[in-house]
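# Inside the fold
Each chain, written out:
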Amino acid sequence: LVEDYDDDVTFVGAVPGPDSGIDTWLVPDLWPGMSWFVDITVRVNDDAAGWLLNYVYVDFTDEAGNAYPTAEAQNQTLVIDPLMSISKDGPAQANPGQAISYWLNYTNSGTDIAYNVVITDYLPAGVNYGSSVPAGNLTGSELTWTFATRAPGTYSILVNVIVSDSASGTLHNYVTLDYASDV
């Protein structure tokens, strides 16, 4: 029996252990109706994505030594993982004293729930926070939203600010998004 591991996994162990390397077992004689099992443990690599393909091959002979065609089986496992991104859309220009609105659009384009999602909008000097939907938590110039989970999909936050009367030049406003792939 030969196990062909996907490149995105690392062999951890097996019961019974392999007879050669990390992927080859010598199967004992099996009489009609008998079974033999191997329990293999692998670790999915951190950078794995998409489908993991796993193959097993068995070469065997009968009691008289006649070889039979190789038997094979495969299994596919989908690696589930969140993949978050964020963008900001707002006006390119504003006048002192003007109220402006902009959108924080964020997406989980992965295949699993993102946990402990934290979005922080760093308001620049020269603007005053007005409101947001949903409401955020303002500490100094940092406006933060915390979400326990975000399923795959697209979400938006509307932010309203007022440009101060003394503002001039370019206002640099940026946002960050942090999340975890498990609880």
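Details of the structure are given in the entry above.
Description of the structure in this document. Everything quoted here is computed from the prediction, not taken from an experiment.

## Some points on the overall build of the chain
- Counting secondary structure elements, the chain contains 0 helices and 13 strands.
- The order of helices and strands in the chain, counted from the N terminus, is β-β-β-β-β-β-β-β-β-β-β-β-β.
- Against the compact-globule benchmark of 16 Å for 183 residues, the chain has a radius of gyration of 28 Å, which places it well outside the compact range.
- Out of the 183 residues in the chain, the part that is buried amounts to 24%.

## Considering a nonpolar patch on the surface
- A surface patch of nonpolar side chains, about 370 Å² in accessible area, is lined by Val27, Leu30, Trp31 and Met34.
- For Leu30, the position within the fold is in the loop between β2 (9-15) and β3 (39-44).
- Judged by relative accessible area, Leu30 falls into the partly exposed class, the value being 41%.

## Here we look at the pattern of salt bridges
- Under the criterion given, the structure shown has 2 salt bridges.
- Asp121 is the partner of Lys88 in a salt bridge, and the nearest nitrogen-oxygen pair spans 2.6 Å. Placement of Lys88 in strand β6 (residues 84-89) and of Asp121 in strand β8 (residues 114-122) is noted, with a sequence separation of 33 residues between them.

## Here's the deal with unusual backbone geometry
- Of note, the amide linkage connecting Val15 to Pro16 takes the cis form, showing an omega dihedral of -5°.
- For Pro16, the location among the structural elements is in the loop between β2 and β3.
- Across the junction of Val133 and Pro134, the peptide omega takes the value 0°, indicating a cis bond.
- Locating Pro134 in the fold gives a position in the loop between β9 (127-133) and β10 (137-139).

## Let's talk about the sheet that holds strand β1 (residues 2-4)
- In space, the 3 strands of this open sheet follow the order β1-β4-β5, with antiparallel pairing throughout. If you trace the sheet from one side to the other, it starts and ends with β1 and β5 (71-79), each paired once. Strand-to-strand twist across the sheet, computed as the mean angle between neighbouring axes with direction ignored, equals 15°.
- Taken together, the 3 bridges between β1 and strand β4 (residues 50-58) define a ladder with antiparallel strand orientation. Looking at the pairing, Asp4 lines up with Tyr55 of β4.

## A short note on the layout of surface pockets
- Its boundaries defined by the atoms lining it, the largest pocket holds a volume of some 650 Å³.
- Taken together, 23 residues form the lining of the largest pocket, with Val27, Pro28, Leu30, Val58 and Phe60 sitting closest to its centre.
- Among the elements that line the lining of the largest pocket, the one with the most residues is β4, at 4 residues.
- Taken together, the residues that form the lining of the largest pocket break down as 14 nonpolar, 4 polar and 5 charged.
- What the second largest pocket holds in volume is close to 450 Å³.
- In terms of lining, the second largest pocket is formed by 21 residues, of which the most central are Pro91, Ala92, Ala94, Ile100 and Leu171.
- Counted by class, the lining of the second largest pocket contains 13 nonpolar, 7 polar and 1 charged residues.

## Side note on the side chain of Asn108
- With respect to the helices, strands and loops of the structure, Asn108 is situated in strand β7 (residues 99-108).
- Note on Asn108: relative accessible area 2%, which makes it buried.
- Within polar-contact distance, the side chain of Asn108 engages the backbone nitrogen of Gly110 at 2.9 Å.
- Discounting chain neighbours no more than four positions away, the residues touching Asn108 are Pro82, Leu83, Met84, Ile113, Ala114, Arg150, Ala151, Pro152 and Gly153.

About the criteria used
- Residues numbered from 1 in each chain as written.
- Predicted model: local features only at pLDDT ≥ 70, side-chain atom pairs only at ≥ 80, totals over all residues.
- Heavy atoms only, no water.
- Helix = DSSP H or I, 4+ residues; strand = E, 2+ residues; numbered from the N terminus.
- Rg over C-alpha atoms; globule rule 2.2 N^0.38 Å.
- Buried < 20%, exposed > 50% of the residue type's maximum accessible area, 1.4 Å probe, protein only.
- Patch = residues over 30% accessible without salt bridge, like charges linked within 9 Å, V, L, I, M, F, W, Y side chains within 5 Å.
- Areas by Shrake-Rupley, 256 points an atom, 1.4 Å probe, with all protein chains shown as cover.
- Salt bridge = Lys/Arg side-chain N within 4 Å of Asp/Glu carboxyl O.
- Pairing = 2+ DSSP bridges.
- Axes fitted to C-alpha atoms, helices over the stretch in contact; angles between N-to-C directions.
- 1 Å grid on protein atoms, 1.4 Å probe; cavity = no way out; pocket = protein on both sides within 12 Å on 5 of 7 lines; lining within 4 Å.
- Points joined across faces, edges and corners; volume = space filled by probe spheres on them.
- Nonpolar A, V, L, I, M, F, W, Y, C, P; charged D, E, K, R; others polar.
- Polar contact = N/O pair within 3.5 Å; in protein donor to acceptor, adjacent residues only side chain to side chain.
- Contact = heavy atoms within 4.5 Å.

Any functional reading would require information beyond the geometric quantities listed.
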